[in-house]
Amino acid sequence: MRNYDLDTTCVQGGYTPGNGEPRQIPIYQSTTFKYDTGEDMGKLFDLEASGYFYSRLQNPTCDLVAAKICELEGGSAAMLTSSGQAANFFAVFNIASCGSHVVASSAIYGGTYNLFAVTMKKMGVDFTFVEPDCSEEELEAAFRPNTRAVFGETIANPALTVLDIERYAAAAHRHGVPLIIDNTFATPIHCRPFSFGADIVTHSTTKYMDGHGAAVGGCIVDSGHFDWMAHAEKFPGLCTPDDSYHGIVYAEKFGQSGAYITKATAQLMRDFGATPSPQSAFLLNLGLESLHVRMARHCENGQAVAEFLSADDRVSWVRYPSLKGDPYYGLAQKYLPNGSCGVVSFGIRGGRKNAEAFMKALRLIAIETHVADARSCCLHPASTTHRQMNEEELIRAGAPGDMVRLSCGLESSAALIADLKQALDSIGK
Ligand SMILES: *Cc1c(COP(=O)(O)O)cnc(C)c1O
């Protein structure tokens, strides 16, 4: 792997054209690949040779983009998936199966919570959710003999808590299991979880990495740091023969650096088929080329908006990890010293009624169930994503009636603040 800085890797990572080859990553819009002999292809099917044969498993365009994200995270291997949901499902299911248990932070994306607590539970995988700031005793008590992974988000969506990654990595490793970190909100520009001991990183590339609201996608990156063979009894899928590939043992054949992603590709992508299209991967790469430039602006806007809101009497509270006085400011300084993200949440004085009136009055900032887009958008969780809940349930879910979640885009901070100000002015008029 080349050793460029992050900015340069955003622009040129993953792909180096040869003499006379396309400067931009080519879109290999082909489901299948041609071979001269059956033996050639047979070797691919047996995982005896590497190469492409069917785009459900692997496609060159997708692999070039995965290679760029792998370089950005400082990993050993990576794969794209069709969505962030698929990435988190594969990341966990690759090492956990019926009868396994996983420890997860309770401050995670709602879709991931549903995947874990409802759908994977039906598949026989049990989850214990712990508050991200729980005591050391509570964290220890969450582990069981059948625990196979620990899961958390660098910056939680939408709670905006910052995970103490080193603490969670230490707990996971004491119990001989890897730490999986969803790094969607921070992106590798602002936090590289592997340098704090995380073993596997996932992304919803739909958010900042794409950044233009153009393509849904996901990614899984392996650090290559976790020694599966040292805990072989816990990970039979990686450390004992795979009957569906003539008895290959992934951890032996592909080593510590390649086993996890090879298994996820060869088994999970083969069987579940959550593969991205080469077109979507191409769009994702366009986003990645400016990720480092855009993240700086998202954070600059987030900071300016958070400071404006916290100085306004009509706003009762503001949460933004990089804002002085935020409960997560200390952890943000450690894990996100150059900035966190563009998402700010806050409460409108006067509760739900005023929050709804405020939202209605916004002109530039659009109402959307999306975040991390070039265009600023916001959401009133109590009347949309969480509308089935009563006031008490809303508070418990971290989405009280007065809460607005705002994703600062790439517009000027002056224009965003002007829109917020006129919307605040209009409340009660
Ligand atoms: C959006 C999101 C997901 C799910 O990703 P999709 O691409 O929508 O499937 C997972 N984790 C986090 C932190 C997210 O913000």
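Preceding block: the structure.
What comes next concerns the included structure.

Reading guide: rules and limits
Residues numbered from 1 in each chain as written. Predicted model: local features only at pLDDT ≥ 70, side-chain atom pairs only at ≥ 80, totals over all residues. Heavy atoms only, no water. Pairing = 2+ DSSP bridges. Helix = DSSP H or I, 4+ residues; strand = E, 2+ residues; numbered from the N terminus. Axes fitted to C-alpha atoms, helices over the stretch in contact; angles between N-to-C directions. Contact = heavy atoms within 4.5 Å. Nonpolar A, V, L, I, M, F, W, Y, C, P; charged D, E, K, R; others polar. Near = heavy atom within 4 Å. Polar contact = N/O pair within 3.5 Å; in protein donor to acceptor, adjacent residues only side chain to side chain. Areas by Shrake-Rupley, 256 points an atom, 1.4 Å probe, with all protein chains shown as cover. 1 Å grid on protein atoms, 1.4 Å probe; cavity = no way out; pocket = protein on both sides within 12 Å on 5 of 7 lines; lining within 4 Å. Sits in = over half its atoms within 2 Å of the grid points. Points joined across faces, edges and corners; volume = space filled by probe spheres on them. Domains from an automatic or database assignment. Buried < 20%, exposed > 50% of the residue type's maximum accessible area, 1.4 Å probe, protein only. Expected span 1.5 Å × (residues − 1).

Take the sheet that holds strand 10 (residues 366–367) next. The strand order across the open sheet formed by five strands is 8-9-12-11-10, and the pairing between neighbours is mixed. Looking at strand neighbours, the two that pair on one side only are strand 8 (315–319) and strand 10, the edges of this open sheet. Inspection of the sheet shows strand 10 paired to strand 11 (residues 377–379) by two bridges, in the parallel sense. When the bridges of strand 11 are listed, isoleucine 367 appears paired with cysteine 378.

This next bit is on the packing of helix 12 (residues 278–289) against helix 13 (residues 291–310). Running from amino to carboxyl end, helix 12 crosses helix 13 at an angle of 60°, the nearest separation of the two axes being 5 Å. Taking contact as the criterion, the partners of Gly287, Leu288 and Glu289 in helix 12 are, on helix 13, Leu291, His292 and Arg294. By residue class, the composition of the contact of helix 12 with helix 13 is two nonpolar, two polar and two charged.

Before going further, it helps to examine the site of the ligand. Taken together, 16 residues lie around the ligand, and Asn157, Asp182, Ser204, Thr206 and Lys207 are the ones closest in. The contact in question runs from an oxygen atom of the ligand to an N or O atom on the side chain of asparagine 157, over 2.8 Å. In the environment of the ligand, an oxygen atom lies 2.6 Å from a nitrogen or oxygen atom belonging to the side chain of lysine 207. Relative to its unbound accessible area of 380 Å², the ligand is 92% covered by the protein chains. If you map the ligand onto the pockets, it falls in the largest pocket. Among the elements that make up the shell around the ligand, the one with the highest residue count is helix 4 (residues 84–93) (three residues). Taken together, the residues of the shell around the ligand sort by class into three nonpolar, ten polar and three charged.

Further remarks concern the layout of surface pockets. Roughly 1300 Å³ of internal volume is contained in the largest pocket. Every residue lining the largest pocket is counted, 50 residues in all, and those nearest its centre are Ile108, Tyr109, Gly110, Asn157 and Pro158. Here the lining of the largest pocket takes five residues from helix 5 (residues 110–122), the largest share from any one element. Of the residues belonging to the lining of the largest pocket, the class tally is 22 nonpolar, 20 polar and eight charged. Both domains that furnish three or more residues to the lining of the largest pocket are identified here as domain 1 (13–286) and domain 2 (294–426). Computed from the structure, the second largest pocket encloses a volume of approximately 690 Å³. Lining the second largest pocket are 33 residues, with Gln58, Asp63, Ile261, Thr262 and Thr265 sitting closest to its centre.

With that settled, consider the sheet that holds strand 6 (residues 200–204). An order of 1-7-6-5-4-2-3 is seen for the seven strands of this open sheet, with the pairing classed as mixed. Where the open sheet ends on each side, the last strands, each with one partner, are strand 1 (77–81) and strand 3 (126–130). The mean inter-strand angle of the sheet, taken between neighbouring strand axes irrespective of direction, is 20°. Here five bridges tie strand 6 to strand 7 (residues 218–222), and the two strands are oriented antiparallel to one another.

Here we take up the pairing of strand 1. A large share of strand 1 lies buried, amounting to five of its five residues. Burial of the side chains of strand 1 extends over both faces: Ala77, Met79 and Thr81 are buried on one face and Ala78 and Leu80 on the other. Alignment of strand 1 against strand 7, held across five bridges, turns out to be antiparallel. Residue pairing in the sheet places threonine 81 in a bridge with glycine 218 of strand 7.

Turning next to empty space enclosed by the protein. Considering all chains together, one arrives at one cavity of 30 Å³ or more under this definition. Of the pockets and cavities examined, the largest cavity occupies roughly 50 Å³. Among the elements of the structure, strand 1 and helix 12 are those that each provide at least two residues to the lining of the largest cavity. A total of three residues in the lining of the largest cavity trace back to one element, the largest contributor, which is helix 12. Among the residues forming the lining of the largest cavity, the class breakdown is five nonpolar, five polar and no charged.

Relative to the 28 Å expected for 20 residues at 1.5 Å per residue, helix 13 spans 28 Å between its end C-alpha atoms, a close match to the ideal helical length. Among all positions of helix 13, only Leu291, His292, Arg294, Met295, His298, Cys299, Asn301, Gly302, Val305, Ala306, Phe308 and Leu309 are buried.

Moving on, we come to unusual backbone geometry. Across the junction of asparagine 157 and proline 158, the peptide omega takes the value 5°, indicating a cis bond. Phi is positive for leucine 47, close to 60°, though the residue is something other than glycine. Even without being a glycine, leucine 160 presents a positive backbone phi close to 65°. Mapped onto the fold, leucine 160 is located in the loop between strand 4 (147–153) and helix 7 (165–174). On the accessibility criterion, leucine 160 (0% relative accessible area) is buried.

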